[in-house]
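Structure assessment
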Amino acid sequence: MALKRFLTSHLLKRCSAVKLVLLLLFGIIFSYMLAGGFHADEPKPYIHEQPTLRMHPETVVERRMLNANEDSLESLRAPTTRVAKVLDNRNAGTHRLGQDRRGMDLSANGGNVPAPARIDTALTWDKPITPDELSRQEQWSKVSSYGDSAGGYNKAPINNKFEEKVGVKAADNVSTSSHSLSHVLTATSKPSKLNYNQQQVAETEANTQQQKNKPDNKALPIQSKIKSEEKKTGPYLVKAQAKNARTTKLTREKTRQWESYDYENPNNLLQIHVDRAPEHSEGVGTPWPMPQSYLTEPSLTVVDMDNFAIVPPAESCDRVDKAVERYTRHIRSKVDLYIPDGKTLRQPSSKQRVLRVLNVKLSRPCRNKELPHEHMSEQYKLSVSGLSAELSAQEPWGVIRGLETFSQLIYYSQGYPVINTTHIKDYPRFSFRGLMLDTARHYIPIRNLKRTLDVMSYNKLNVFHWHLVDDQSFPYVSKAFPNLSKLGAYSSDQIYTPTDILNLIDYAADRAIRVIPEFDSPGHTRSWGLGYPALLTNCSADYHPFGAVNPISNFTYEFMNTFWAEVHDLFPDSTVHVGGDEINYKCWLRLKKLREFMLEKNMTSEQYDYLTLDGDKLQGYYLKHLLEVMPRDRKKIAWEEAFSAAQMWNVSMDELIINVWKGGDYEWQYTMENVIRHGYKAVLSAPWYLNYISYGKDWTKYYEQDPHSFLTYSLGADTYKDYVLGGQVCVWAEYIDETNLEATLWPRASSPAEKFWSSAAMNDWRKAETRFENHRCRMTRRGVRAQPNSGPGSCKGRMQIKPPYEANTNF
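Residues numbered from 1 in each chain as written. Predicted model: local features only at pLDDT ≥ 70, side-chain atom pairs only at ≥ 80, totals over all residues. Heavy atoms only, no water.

Some points on the overall build of the protein
Under the convention used in this document: Elements are defined by DSSP. Helices are runs of H or I of four residues or more, strands are runs of E of two residues or more, and each kind is numbered from the N terminus. Remark: exposure states derive from per-residue accessible area (1.4 Å probe, protein chains only) relative to the maximum for the residue type, with buried under 20%, exposed over 50%, and partly exposed in between. Two residues form a contact once any of their heavy atoms are found within 4.5 Å. For accessible areas, the Shrake-Rupley method is used with a probe of radius 1.4 Å. Any residue's cover is judged against the shown protein chains and nothing else.
Across its full length, the protein holds 23 helices and 26 strands. The proportion of buried residues among the 811 residues of the protein is 49%. Within the protein, counting contacts between residues at least 6 apart in sequence, those at least 24 apart form 78% of the total. As displayed, the protein has an accessible area near 40500 Å², and 51% of this comes from carbon and sulfur atoms.

Here it is as C-alpha cells:
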C-alpha cells in the first residue's frame, strides 16, 4: 500500500498530462450520466434498420416495399378510414404498434376480383425478427403470392358479412400486379391503443406531415396527375404512371398492402385459391372424344325423346339389336339432360321441327355372336339435318360408336331437348385403346367390371386388359389345375369362374370391347406356388419360400402347355398378355443347378473385366420356350423387360408385341424408339398410370402425352407410325378395390381416351376443358362415380349415384 501511494503521488506530480486526460475522461462520463444515458430500470432501445411486422408463423405473406423506381402510389380512403403511417426507419425500433385494425386488399389478375377490408389485431412490433425467421417468411411470401400467371391462382372473393358485422367498409376494387405489389395498411377511424409514447408519435407524424407538405418542383407534375386521376377514379387508391419515376420524390413513410386474412382466428389457414372449373353447361351438346370430322350448325331441331325410335338396318344382328335397344332406352330416359332448377321439359308442338327417328344402316352384313377383334372397323358417319337423322357404318362396332356419339349431341335448351344440325365422319386414330385393371391385389366383383366396361364404351375405349392373377392371389378358376384358385384365392367367393368370364366377354362384345387376359410369368407368380409348389424355384432364404417360375424344369413347360391351352379355349381374342416384368434374379442365382445351367449355356456377360451371370439371358430362355408351348394362333404381348430377352433369343417380331410401361412422362420415348427401330410393334402405358394419385388437376398431364410424340425426336418417318398400335391406361390395385375404383378411373381415363381416338391435332387441353367438364357431369348423371378433376364447381342438376341401366345387377 505504501508503494502504491508513493508511485501515485509522484506520477501525478510529474505527469501532468496524464492527470489532465483522466480528469477529462471522468468529466465526459459524468456529463453523459447527467443527460440520462444509463438507466438500470429502462431497457436499451432496439434500433432496427427496417421494422418488420410480427405475424402468425403460418400466415406470413409477402411484404415488399414500393421502391422509388416503381409506380408511385397515393393512399386515399373513405372519410371513415385513415392510412396507418409506417414510421421512419430511424425511430421504428423505439416504437411499438399493437391492436391496430387494418383493412387490406390484394386483388389478383389486375384487380378483377374485389377484396373487402378485413380485421387484423395480431400485428405487433414488439421484438425483432431473427434472420432465420425472416428467411422463412421470404420463402412463404413466394408461395403465398397471388396473381401468378403461370400458376393460374386467383384470390377468392370474401364474404362481406364479417365486415358489416364489425362496421368496416369493404374495399373497392384495386388494380394490382403480381410482379409489383403495393402494400397498404388501413385502419378504422376508431383510434387504437398504442403502447408507446404518444407525444413522440405526435412529433414524428408532425415532422412527417411537414416534410410531405414541402413544395417540390420535380414532384409537381406527378402530384397534379394524381389529383386528376383521383377525380376520375374516386377516393381510394390512385396509381400514377410516370415515364421518369426516378424524378418523383417519395415521402419516407411507405404504404403497404396486406393479404385479406383474419389473423385472429386460429382456425383459419393460409390457403391457395384454385380457379373454378369451367361451366359444364357451356359444353353441352358436344361429344367426347372429339370426332375426326365434326361440323355443326346453329340451327336446332327439337327431339321427341318420349317417342324417339332407332330403326336398325334391314339385315341386322344381335350386337346391333342390343345396341339399338340400349340407346333407345337411354335417350328416352332423358338421363343426359341437364335441366336447370325450376325448369321442366315441354312437349313439342306441331309447329316445331321435330326429330323422332334415327335410321341405322350397315354396308356389310353382320352375324350373331360376332366378337370384336384387332382389325375391326369402328368408323361411322352421322348426319342430323332437319327432320331426318342417319347413322351408317361398315360393321356393328361402328354402329355402337355412332350411337354413343348421337346420345351425347342432345341437350336442353329453352324448355326442349334439342340437337344441332350436325355432320360427322369419324374413326379411331389407334386400333388399340386399352384399360388395364388389376384384380389380384384386390378382388373386383363382376358387377363392378361390367360398370367399368359401360364407362369404357362411353369413352370409346375398346380393349379390356385383364390382369387376373399376381403374387397376392389367384382368383381365376382353372379346370385343369383347380388348386390354383382353391389355395391361391383370397376366399372361395372371391373367384372368377369360366361362366363369369364368358358372361363378361359377351357383355364387353356388346360394347365393342375386346377382353385380353394376362397371366404374368415367370415373376409375380407366388400365388401359383400355393397350389403347385414344384412350379416355382425355392428361395428359402427369402421372406416367402417361392421365387419366380423354374425356367429349367420340364414340369414348368408341361404345366404351361396345358394351362395356356385352357386359356386359349376360354378367351377367344387373338391376343394374350404373358407378363414378363420385374423378375427377382437373386432367387434364380441362389440355386446351384441354375448357376451351373447358366454357365453351361454361356449365359454370362462381361463387366469390368470379369464374367457375371446374366439374368436377362435366362429370362429370354424361359420366354423363348414358353412361346413354343403356347398356341401358335395367338399374338403375345409382354412388358418391356421381355424386349431385350426377345432379342437375345430371336423371338419373332410378328409373334411378340412390347408393352412399354417404364419411363414416366418422358423417358419412355427412348424405349419406344428402340423397340420400333428393331421392328417390334408396341403399346404405350408409361404416362397413364392412374393408380398414382396426385392432388389437383392431373387430367391435363395425361392429355399432353401422345403415343407418337417420340417420332418427332429422331425417327420422324410416317412409316413407323403403324408400329405403334396404341396406348392403354393402367390401374394397379394395391390400394384400390370396388369402393374407390370408379373415382380413381373417371374422368381421368377420359383424358387419354380422347388422345387414343381423336386426331393428333387435339393436343391443347385448354380448348378441351369445357367439353371435359361437361363429359364428367354427363357420366355422373349416368350413375358413374366420376370425381371432380377440373377444380371447384358443380354439375348442377340431379347427381344419380346408382348402377347404370346396362348393368342389370343389384349394387
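Some remarks on the confidence of the model for the protein
Applicable threshold: One confidence number per residue, pLDDT, is output by the predictor and ranges from 0 to 100.
With 63% of its residues at a pLDDT of 70 or more, the protein has an overall mean of 74. The low-confidence segment residues 133-198, where pLDDT is below 50, has 155 contacts with residues more than four positions distant or belonging to other chains. The low-confidence segment residues 214-263, where pLDDT is below 50, has 117 contacts with residues more than four positions distant or belonging to other chains.

Digging into the pattern of salt bridges
Put simply, the rule reads: Any carboxyl oxygen of Asp or Glu within 4 Å of a side-chain nitrogen of Lys or Arg constitutes a salt bridge here.
A complete count under the given rule lists 33 salt bridges for this structure. A salt bridge links Glu404 to Arg782, with the nearest nitrogen and oxygen atoms 3.0 Å apart. Of this pair, Glu404 sits in helix H9 (residues 396-409) while Arg782 sits in the segment after helix H23 (765-781); the two residues are 378 residues apart in sequence, bridging distant segments of the chain. With a relative accessible area of 1%, Glu404 lands in the buried category. By relative accessible area, Arg782 is classed as buried at 5%. Asp573 is the partner of Arg514 in a salt bridge, and the nearest nitrogen-oxygen pair spans 2.9 Å.

Re the pairing of strand S10 (residues 357-362)
To keep things clear, this is the line we draw: In this scheme, strands are said to pair when DSSP sees at least two bridges between them.
Because side chains alternate across S10, one face comprises the buried residues Leu358, Val360 and Leu362, and the other comprises Val357, Asn359 and Lys361, none of which is buried. Pairing between strand S8 (residues 309-311) and S10: 3 bridges, direction parallel. Following the sheet pairing, Ala309 is matched in S10 by Val357. The pairing of S10 with strand S12 (residues 388-393) spans 4 bridges and is classified as parallel. In the strand pairing of S12, Asn359 is matched with Glu390.

Brief notes about the packing of aromatic side chains
What counts here: To pair, rings of Phe, Tyr and Trp, with the six-membered ring standing in for Trp, must have centres within 6.5 Å; the planes then decide the type, stacked if under 30 degrees apart, edge-to-face if over 60, and tilted in the middle. Put simply, a charge is over a ring when the Lys NZ or the Arg CZ is close to the ring centre, within 6 Å, and near the line of the ring normal, within 35 degrees.
The final tally for this structure, using the stated rule, is 35 aromatic pairs. Considering the side-chain rings of Phe555 and Phe559, the 6.0 Å spacing of their centres and the 50° angle between planes classify their relative orientation as tilted. Pair noted here: Phe555 and Phe559 are both in helix H14 (residues 554-570), with a separation of 4 residues, about one helical turn. The exposure class assigned to Phe559 is buried, which follows from its relative accessible area of 2%. Ring centres of Trp699 and Phe772 lie 4.0 Å apart, and the angle between their planes is 10°; on these two criteria the pair is classed as stacked. Of this pair, Trp699 sits in helix H20 (residues 699-703) while Phe772 sits in helix H23; the two residues are 73 residues apart in sequence, bridging distant segments of the chain. An aromatic cluster of at least three residues, connected via ring pairs, comprises Phe474, Tyr476, Phe481, Phe519, Trp528, Tyr532, Phe555, Phe559, Phe563 and Trp564. We note Lys460 situated over the ring of Trp757; from NZ or CZ to the ring centre the distance is 5.9 Å. Lying over the aromatic face of Tyr507, Arg511 brings its terminal NZ or CZ to 3.7 Å of the ring centre.

Description of the nonpolar core
We count it as follows: We call a set of buried Ala, Val, Leu, Ile, Met, Phe, Trp, Tyr and Cys residues a nonpolar core when their side-chain atoms join them within 4.5 Å.
Core analysis: the largest hydrophobic core is formed by 94 residues, its most contacted members being Phe464, Trp466, Trp528, Phe563, Trp564 and Trp746. Here this core gets 7 residues from one element, more than from any other, and that element is H14. Residues in contact with Trp528, not counting those within four places in the same chain, are Val469, Phe474, Leu484, Phe519, Asp520, Leu535, Phe559, Met560 and Phe563. Counting 34 residues, the second-largest nonpolar core is a separate cluster that includes Val360, Cys366, Met376 and Ala512.

Focus: the state of the cysteines
For clarity, the cut-off: Any pair of cysteine sulfurs within 2.5 Å is marked as a disulfide.
Tallied over the entire structure, the rule returns 2 disulfides. Through a disulfide, Cys317 is tied to Cys366; the S-S separation comes to 2.2 Å. Between Cys317 and Cys366 the disulfide shows an S-S torsion of about -110°. By sign, it is left-handed. Residue Cys317 is located in the loop between S8 and helix H8 (318-333), and its partner Cys366 is located in the loop between S10 and strand S11 (380-385); the two are separated by 49 residues in the primary sequence. Through a disulfide, Cys777 is tied to Cys795; the S-S separation comes to 2.1 Å.

Quick notes on the packing of helix H16 (residues 592-600) against helix H17 (residues 615-629)
The cut-off we apply is this: Only the contacting stretch of a helix is used when fitting its axis, a line to C-alpha atoms as for every element, and angles between N-to-C directions run 0 to 180 degrees. Throughout, the term roughly parallel applies to angles under 35 degrees, roughly antiparallel to angles over 145, roughly perpendicular to angles from 65 to 115, and oblique to all others. In the scheme used here, Gly and all other residues not listed as nonpolar or charged are polar, with Ala, Val, Leu, Ile, Met, Phe, Trp, Tyr, Cys and Pro taken as nonpolar and Asp, Glu, Lys and Arg as charged.
The geometry of H16 relative to H17 is characterised by a closest axis approach of 11 Å and an angle of 90° between their N-to-C directions. If you check the angle between H16 and H17, you find them roughly perpendicular. Counting all contacts with H16, which are made through Leu594, Phe597 and Met598, the residues of H17 involved are Gly615, Leu618 and Tyr621. Partitioning the contact of H16 with H17 into residue classes produces 5 nonpolar, 1 polar and no charged.

Let's talk about H17
Counted only if it meets this: Helix span is expected to be 1.5 Å times the residue number reduced by one. Any N or O atom pair separated by 3.5 Å or less is treated as a polar contact, with the protein-specific requirement of one donor-capable and one acceptor-capable atom, and with residues adjacent in sequence counted only for side-chain atom pairs.
Helix length check: H17 (15 residues) gives 22 Å between terminal C-alpha atoms against 21 Å at 1.5 Å per residue, within 8%. Every buried residue of H17 is listed here: Gly615, Leu618, Gln619, Gly620, Tyr621, Tyr622, Leu623, Leu626 and Leu627. Two or three places before Asp616, at the opening of H17, Asp614 has a side-chain oxygen 3.0 Å from that residue's backbone nitrogen.

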